[in-house]
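Secondary and tertiary structure notes
Below, each chain spelled out in residue letters.
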Amino acid sequence: MLSYAGKRLAQLIVTMFGVVTLVFFSIRMIPGDAASAMAGENLSGAALEEMRQKLGLDAPLWRQYSDYLLSVVRFDFGHTITTSLPIAELMLKALPLTMMIACMTVLIAVLLAIPLGTLAAFLANKGRKALDNIITWAAMVVDLMPSFWTGLLLMLFLSLNLKLLPASGDISFGEPGFMLQRIALPVLVLAVSQVATLARITRTAVLEVLNEDYIRTARSLGMTEILVVFRHALKNAMLPIITVIGLSFGHLLSGTVIVEFIFSIPGIGTLLVYGINSRDYPLVQNVILFYAFIFVVINFITDMVYKKVDPRVQF
């Protein structure tokens, strides 16, 4: 296990180096000068040159790259152009809300989707195609619904019409009751598509396992169908399900960008949108790097869970 973890950790470090390099050069490959793009038509001449010096764009490219690598290693992401606030401080302040929404979404998706997908696989295995088709087609239809459209529909019915959940308002960790109500709609919007995706993957994985010889052996020993499906079939079908859960969590962090913007949630996604709208190049660059880092770390954790669930997994 330690050898496997060491190899995966080395791979993570190499991957993060590649991600940092990609983020650095992708920003600088944008046509035109970054300082000019941020300043628009407001600055020219000496003022524009001063902004280039402030951003370090007047230095050779290799110097800019080495300075950026050192700043990432030191977790020093600099300051925003528009407000001059520390970028690391802004991200740490916005991170708890984004992580809370993502974690609650994954938890709801796992609690709902895995039983639904397992039930659909069981019904399909028993030849009950009608109920299986209803679950499968409903999941496919929901999965195709874009999150912004789902968010607007739920806001219309649950917030504006039924007055059940607030769609706007300040969020404070000092008021946990209102905070949970406030993030309920964003969590529900994100959970809808996650439940649909995870349920379909669970159905396919469990259905394949239900045809294995050891499942027939378990049934011949007189075990109940619930025990066979949930103890033997679901357990041995967990690897692809774990993969989807890990990827879903990574995608959720980036998927919260639109949802946070719609519901005015002051999370990482809203911070990114603000950086894009204000042409704050350092802020956008470092938020994108943060998203990439979280995604890589989640993949590493998923690999560790693989090894725990199935020790036969090799590097």
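Residues numbered from 1 in each chain as written. Predicted model: local features only at pLDDT ≥ 70, side-chain atom pairs only at ≥ 80, totals over all residues. Heavy atoms only, no water.

Turning to the overall build of the protein chain, a few remarks are in order. Counting its secondary structure elements, the protein chain contains 13 helices and zero strands. Of the regular secondary structure in the protein chain, the N- to C-terminal order runs α-α-α-α-α-α-α-α-α-α-α-α-α. Across the 315 residues that make up the protein chain, the buried fraction comes to 42%. Within the protein chain, contacts between residues at least 6 apart in sequence are counted, and of these 72% link residues at least 24 apart. (Helix = DSSP H or I, 4+ residues; strand = E, 2+ residues; numbered from the N terminus. Buried < 20%, exposed > 50% of the residue type's maximum accessible area, 1.4 Å probe, protein only. Contact = heavy atoms within 4.5 Å.)

The subject of this paragraph is helix α5 (residues 87-125). Helix length check: α5, at 39 residues, gives a terminal C-alpha distance of 53 Å against a target of 57 Å (1.5 Å per residue), a fit within 8%. The principal kink in α5, of about 35°, is found at leucine 95, preceding the proline proline 96 by one to four residues. Positive backbone phi, at 85°, marks glycine 127, one or two positions downstream of α5. (Expected span 1.5 Å × (residues − 1). Bend = angle between axes of the 7 residues up to and from the residue.)

Attention now goes to helix α12 (residues 268-277). Every buried residue of α12 is accounted for by Ile268, Gly269, Leu271, Leu272, Val273 and Gly275. Of the residues flanking the end of α12, it is arginine 279, one or two places downstream, whose phi is positive at about 55°.

This part is about the UniProt feature "transmembrane region" (unreviewed entry) in the protein chain. Residues annotated by UniProt as "transmembrane region" (unreviewed entry) correspond here to residues 12-30, 99-122, 134-158, 178-199 and 283-302. Along residues 283-302 one finds 100% helix and 0% strand; the C-alpha atoms at either end are 29 Å apart. (UniProt positions renumbered as here; feature names shortened; annotations may be inferred.)

Before going further, it helps to examine the pattern of salt bridges. Under the counting rule described, the total for this entry stands at one salt bridge. One salt bridge in this structure joins arginine 63 and aspartate 67, with 3.5 Å as the shortest N-O distance. Residue arginine 63 and its partner aspartate 67 are both found in helix α4 (residues 61-73); the two are separated by four residues, about one turn of the helix. By relative accessible area, which is 38% here, aspartate 67 ends up partly exposed. (Salt bridge = Lys/Arg side-chain N within 4 Å of Asp/Glu carboxyl O.)

Positioned with a positive phi, serine 264 is a non-glycine residue whose angle comes to about 55°. As for its placement among the helices and strands, serine 264 is situated in the loop between α11 (238-262) and α12. Owing to a relative accessible area of 47%, serine 264 belongs among the partly exposed residues under this scheme.

As a further point, take the packing of aromatic side chains. Considering all chains together, one arrives at five aromatic pairs under this definition. Between the aromatic rings of phenylalanine 24 and phenylalanine 25, the centroid separation amounts to 4.9 Å while the plane-to-plane angle is 90°, which identifies the pairing as edge-to-face. Under the relative-accessibility criterion, phenylalanine 24 is labelled buried at 0%. Taken together, Phe24, Phe25, Tyr65 and Tyr68 form an aromatic cluster joined through their ring pairs. (Phe/Tyr/Trp six-rings, centres within 6.5 Å; stacked < 30°, edge-to-face > 60°.)

What follows covers the packing of α5 against helix α10 (residues 225-236). Where α5 contacts α10, the axes come no closer than 11 Å and their chain directions differ by 115°. Put simply, α5 runs roughly perpendicular to α10. Here the hand of the crossing between α5 and α10 comes out right-handed. Counting all contacts with α5, which are made through Ile114, Thr118 and Phe122, the residues of α10 involved are Glu225, Val229, Phe230 and Leu234. When its residues are assigned to classes, the contact of α5 with α10 shows five nonpolar, one polar and one charged. (Axes fitted to C-alpha atoms, helices over the stretch in contact; angles between N-to-C directions. Parallel < 35°, antiparallel > 145°, perpendicular 65-115°, else oblique. Left-handed = near helix turned anticlockwise from the far one by under 90°. Nonpolar A, V, L, I, M, F, W, Y, C, P; charged D, E, K, R; others polar.)

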